[in-house]
Amino acid sequence: MEGVLWYVLSGTRGGPNRARILKALKQRPRNANQLAEDLDLDYKTVRHHLDVLLDNGVVDNTGGDYGSVYTLTDRTEQYWDTIEEIIVEIE
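Starting afresh in each chain, residues are numbered from 1 along the sequence in its written order. Per-residue local features of the predicted model are confined to residues with pLDDT of at least 70, and side-chain atom pairs are confined, for both listing and counting, to 80 or more; whole-chain, interface and lining totals are unaffected and use all residues. Side-chain measures here rest on the full set of heavy atoms in the structure, leaving out hydrogens and waters.

Per an unreviewed UniProt entry, the chain goes by Transcriptional regulator and derives from Haloarcula mannanilytica.

Quick look at the structure:
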């Protein structure tokens, strides 16, 4: 899991926005529209990053396609110290 986190957060150009999304989801579950508004990002950008995080098992979603609510996976929660370490590196 550590390798996946380093890849999705620091190995690509979108890492800083993915880190912001994870920090927001750590506070509370949200849908893509809420994340876009709260983080002042384009909806399509947020959807792209959520898809990357979903594909890599970092977040889960529930509900329908448009209204899906995203949460951190239990495994991501277990590695939160690693995420914080990566965030320090990329900021």
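So that's the structure; there's more coming.
*Asks:* Please explain the sheet that holds strand β3 (residues 69–72) as it appears in this structure.
*Replies:* The pairing of strands in a sheet comes from backbone hydrogen bonds and takes either a parallel or an antiparallel form. A strand pair is defined by DSSP finding two or more bridges across the two strands. Going along the chain from the N terminus, every DSSP run of H or I of four or more residues is numbered as a helix, and every run of E of two or more is numbered as a strand. Taken in spatial order, the three strands make up an open sheet running β1-β3-β2, and their pairing is antiparallel. Where the open sheet ends on each side, the last strands, each with one partner, are β1 (30–31) and β2 (59–62). Where β2 lies against β3, four bridges are found, and the strand directions are antiparallel. Opposite asparagine 61, over in β3, you have tyrosine 70 as the bridge partner.

*Asks:* Can you help me understand the side chain of arginine 18 in this one?
*Replies:* Position of arginine 18 relative to the elements: it lies in helix α2 (residues 15–27). Whether a residue is buried, partly exposed or exposed follows from its accessible area with a 1.4 Å probe, protein chains only, as a fraction of its type maximum: under 20%, in between, or over 50%, in that order. Positive charges come from Lys and Arg alone, negative charges from Asp and Glu alone, with His and the N- and C-terminal ends not counted. The working definition used for a salt bridge is a side-chain nitrogen of Lys or Arg within 4 Å of a carboxyl oxygen of Asp or Glu. No salt bridge is formed by the buried arginine 18; the nearest opposite charge belongs to aspartate 55, separated by 9.5 Å. We define a polar contact as two N or O atoms separated by no more than 3.5 Å, with the added condition that, inside protein, one atom must be a possible hydrogen donor and the other a possible acceptor, whereas residues neighbouring each other in sequence contribute only through side-chain atom pairs. A distance of 3.0 Å separates a polar side-chain atom of arginine 18 from the backbone oxygen of valine 8.

*Asks:* Hey, could you run me through the pairing of β3 in this one?
*Replies:* Covered by surrounding structure in β3 are Tyr70 and Leu72 only, the residues Val69 and Thr71 on the alternate face being uncovered. Bridge count for β1 against β3 is two bridges, and the pairing is antiparallel. Paired with asparagine 31 across the strands is valine 69, a residue of β3. Counted along the chain from β2 to the antiparallel partner β3, the turn is six residues long, and its residue glycine 63 has a positive phi close to 95 degrees.

*Asks:* What's the story with the UniProt feature "domain: HTH arsR-type" (unreviewed entry) in the chain in this structure? I'm lost.
*Replies:* UniProt feature "domain: HTH arsR-type" (unreviewed entry): in the numbering of this structure it lies at residues 12–85. Between the first and last C-alpha atoms of residues 12–85 the distance is 16 Å; the span itself is 61% helix and 14% strand. UniProt positions are given in the numbering used here, feature names are shortened, and annotations may be inferred rather than shown by experiment.

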